[in-house]
Amino acid sequence: MTGSSSSSPLSSAKRIVVKVGSALIADGPDPRQSWLNDLAKDIAAFRNRGCEVVLVSSGAIALGRQLLGPHKPKKLEEKQAAAALGQPLLMAALSQAFSPHDVPVAQSLLSLEDTENRRRWLNARSTLETLLSAGAIPVINENDTVATDEIRYGDNDRLAARVAQMVSADVLILLSDIDGLYTADPRLSPEAAHIPQLTEIAAEHEQMAGGTNTQADIGSGGMATKLAAARIAWSAGCATAITLGDRTDPLSGLLNGAKATWILPPLTPAKAREIWLRGHLTPEGAVFVDNGAARALRDGASLLAAGLTGIDGDFARGAAVAVLTDTGEMIGKGITAYSAVDARRILGLRSDQIADVLGYRGRPSIIHRNDLILEP
Ligand code: GLU
């Protein structure tokens with residue numbers, strides 16, 4: 001998509017996830033500080049326009065690997081050790097880049113389980129939401145030191161897409177060493193044509209993307225993992241842009257029509273989430289609510305403990321539950337932030353009484369409105 005900023009999905013985005021690959025972060029053992037400073041400035045400008053930004057940053061292995069020895073780490077445990085050495089260097093470089101803009105950066109290392117297991121998903125999402133409300137930039141990387149092959153993403157493209165889904169982002173930006181998808185690899189075929197926009201990803205596009213990026217010396221993504229990421233985002237109602245990262249204003253440039261491949265979803269994040277919830281939630285128990293709570297839920301509120309009148313079943317935090325009125329009418333279903341045991345203990349209580357009873361400060365709501373679908 002080229003043209004004016006008004007045509008870019010970025011112009012109306014309220015929340016974006018930006019993924020930065022290792023080649024943009026590191027030059028040998030050193031952070032590319034001047035580019036990072038430009039990126040921080042660009043991100044700060046977006047935040048000042050009221051757009052929240054989550055950064056998914058690679059580069060830990062690239063920055064740490066020289067500290068391990070002269071050879072490129074090949075074995076998994078060497079890469080994990082390199083990541084452990086490089087992650088603090090990465091955060092130091094980012095903190096330095098954001099410090100003139102008075103924006104705190106918050107490290108968040110996620111594992112595959114955090115996005116695949118519903119209970120952990122709720123935990124990670126609450127933390128990210130809290131960081132965003134506090135005005136911080138969450139900086140996410142895979143928790144490489146503990147992730148073994150079977151349980152790791154391995155590439156931050158797909159991790160970034162899961163994060164975009166988790167925080168209901170409107171746009172995922174994959175900053176790359178290439179300005180989008182081409183009909184063939186443009187480094188090998190001069191006749192390859194750039195594709196500015198897709199509304200779905202078909203087998204032919206996957207074929208165009210080829211395999212992983214075999215030419216890249218560092219990092220592990222390629223066009224194929226970028227399309228896989230875009231597909232995840234697409235199903236979550238999030239638009240993806242694949243664009244060139246190595247410029248001074250990668251985000252503003254994109255807003256102003258810089259060359260990119262945009263993959264546009266048919267739905268908004270809210271609608272995609274609703275469809276997902278309708279298809280995936282098989283209730284493992286039920287919560288009963290009073291009339292006031294039932295009305296509030298229909299008006300778009302979250303379910304609070306104060307409105308609970310009863311609990312049925314034995315479910316864990318993160319389970320799907322049916323929401324029923326006192327008279328047994330089903331009004332919806334949702335994902336509960338409390339187990340049945342804890343929900344029974346705080347039934348009918350005001351939010352400020354919960355901590356005293358449970359001994360810990362739980363989530364503000366039993367079911368957050370984003371995790372709730374109502375019967376039509
Ligand atoms: N987590 C890896 C790192 O920080 C990068 C994974 C990737 O290349 O996408 O070095």
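Residues numbered from 1 in each chain as written. Predicted model: local features only at pLDDT ≥ 70, side-chain atom pairs only at ≥ 80, totals over all residues. Heavy atoms only, no water.

(A) Inspection of the sheet that holds strand S7 (residues 171-176) at higher detail. On the basis of which strands lie adjacent, the open sheet formed by eight strands has the order S5-S6-S4-S1-S7-S11-S12-S10 and mixed pairing. Either end of the sheet is taken by a strand with one partner, and the two such strands are strand S5 (105-110) and strand S10 (197-198). Bridge count between S7 and strand S11 (residues 239-244): six bridges; the pairing is parallel. Opposite Ile173, over in S11, you have Ala241 as the bridge partner. Against the sheet, helix H6 (residues 118-133) touches strand S1 (15-20), strand S4 (52-57), S5 and strand S6 (137-142), its axis set at about 145° to S6. (Pairing = 2+ DSSP bridges. Helix = DSSP H or I, 4+ residues; strand = E, 2+ residues; numbered from the N terminus. Contact = heavy atoms within 4.5 Å. Axes fitted to C-alpha atoms, helices over the stretch in contact; angles between N-to-C directions.)

(B) Quick peek at the environment of Ser168. Assignment of secondary structure puts Ser168 in the loop between helix H7 (156-166) and S7. Residue Ser168 is classed as partly exposed on the basis of its relative accessible area of 23%. Along the primary structure Ser168 and Ala233 are separated by 65 residues, whereas in three dimensions their C-alpha atoms are 9.4 Å apart. Beyond its immediate stretch of four places on either side in the chain, Ser168 contacts Pro269 and Arg273. At 2.6 Å, the side chain of Ser168 and the side chain of Arg273 are in polar contact. (Buried < 20%, exposed > 50% of the residue type's maximum accessible area, 1.4 Å probe, protein only. Polar contact = N/O pair within 3.5 Å; in protein donor to acceptor, adjacent residues only side chain to side chain.)

(C) Expanded view of the sheet that holds strand S14 (residues 308-312). Strands sit in the order S14-S13-S15-S16-S17 across an open sheet of five strands; the sheet is mixed. The outermost strands of the open sheet, each flanked by one partner alone, are S14 and strand S17 (372-374). Across this sheet, the average inter-strand angle for adjacent strands is 25°, counted without regard to direction.

(D) Structural detail: the packing of H6 against H7. Following both chains from N to C, one finds H6 and H7 inclined at 75°, their axes separated by 10 Å at the closest point. One way to sum up the angle between H6 and H7 is to call them roughly perpendicular. On H7, the residues that touch Trp121, Ala124, Arg125 and Leu128 of H6 are Arg162, Val163, Gln165 and Met166. Split by residue class, the contact of H6 with H7 holds five nonpolar, one polar and two charged. (Parallel < 35°, antiparallel > 145°, perpendicular 65-115°, else oblique. Nonpolar A, V, L, I, M, F, W, Y, C, P; charged D, E, K, R; others polar.)

(E) Just the packing of H7 against helix H9 (residues 223-235), in detail. At a minimum axis separation of 8 Å, H7 and H9 run at an interaxial angle of 10°. As far as their axial angle goes, H9 and H7 are roughly parallel. Note on element contacts: H9 touches H7 through Thr225, Lys226, Ala228, Ala229, Ile232 and Ala233, opposite Asp157, Arg158, Ala161, Arg162 and Gln165.

(F) The pattern of salt bridges, seen in detail. The full count for this structure, using the stated rule, is 20 salt bridges. Arg187 is paired through a salt bridge with Asp177; the nearest N and O atoms lie 4.0 Å apart. Of the two residues, Arg187 sits in the loop between strand S8 (181-182) and strand S9 (194-195) while Asp177 sits in the loop between S7 and S8, which places them 10 residues apart along the sequence. Linking Asp342 and Arg345 is a salt bridge whose minimum nitrogen-to-oxygen distance equals 3.7 Å. Within this pair, Asp342 and its partner Arg345 are both found in helix H13 (residues 340-346), separated by three residues, close to a single helical turn. A relative accessible area of 14% means that Asp342 is categorised as buried. (Salt bridge = Lys/Arg side-chain N within 4 Å of Asp/Glu carboxyl O.)

(G) Region of the structure containing the side chain of Arg15. On the secondary structure map, Arg15 appears in strand S1. For Arg15, a relative accessible area of 12% corresponds to the buried category. Within polar-contact distance, the side chain of Arg15 engages the side chain of Glu52 at 2.8 Å. The residues contacting Arg15, other than those within four sequence positions of it, are Cys51, Glu52, Glu129, Leu132, Val167, Ala169, Asp170 and Val171.

(H) How the structure looks around a nonpolar patch on the surface. A cluster of nonpolar side chains, Leu67, Leu68, Leu85 and Leu89, forms an exposed patch at the surface whose accessible area comes to about 330 Å². Turning to its location among the elements, Leu85 is positioned in helix H4 (residues 76-98). A relative accessible area of 33% means that Leu85 is categorised as partly exposed. (Patch = residues over 30% accessible without salt bridge, like charges linked within 9 Å, V, L, I, M, F, W, Y side chains within 5 Å. Areas by Shrake-Rupley, 256 points an atom, 1.4 Å probe, with all protein chains shown as cover.)

(I) Molecular detail of the pairing of strand S15 (residues 320-325). Across the six residues of S15, six count as buried, placing the element largely inside the fold. Here S15 shows a buried face lined by Ala320, Ala322 and Leu324 and a second buried face lined by Val321, Val323 and Thr325. In this sheet, S15 lies alongside strand S13 (residues 286-289) in parallel orientation, the contact comprising four bridges. Considered in S15, the bridge of Phe288 is made with Leu324. By the bridge criterion, five bridges tie S15 to strand S16 (residues 330-335) in an arrangement that is antiparallel. By the bridge assignment, Leu324 is partnered in S16 with Met330.

(J) Main features of the environment of Arg298. Locating Arg298 in the fold gives a position in helix H12 (residues 291-298). Taking relative accessible area as the criterion, Arg298 reaches 49% and is therefore assigned partly exposed. Considering only alpha carbons, one finds Arg298 and Leu281, 17 residues apart in sequence, at a separation of 19 Å. Residues within four places of Arg298 in sequence aside, it is in contact with Glu329, Ile331 and Leu374.

(K) The arrangement of the pairing of S7 in detail. With six of six residues buried, S7 is to be regarded as a mostly interior element. Both faces of S7 are covered, namely the face carrying Val171, Ile173 and Leu175 and the face carrying Leu172, Leu174 and Ser176. Bridging between S1 and S7 involves five bridges; their strand directions are parallel. Pairing of Val20 across the sheet is with Leu175, part of S7.

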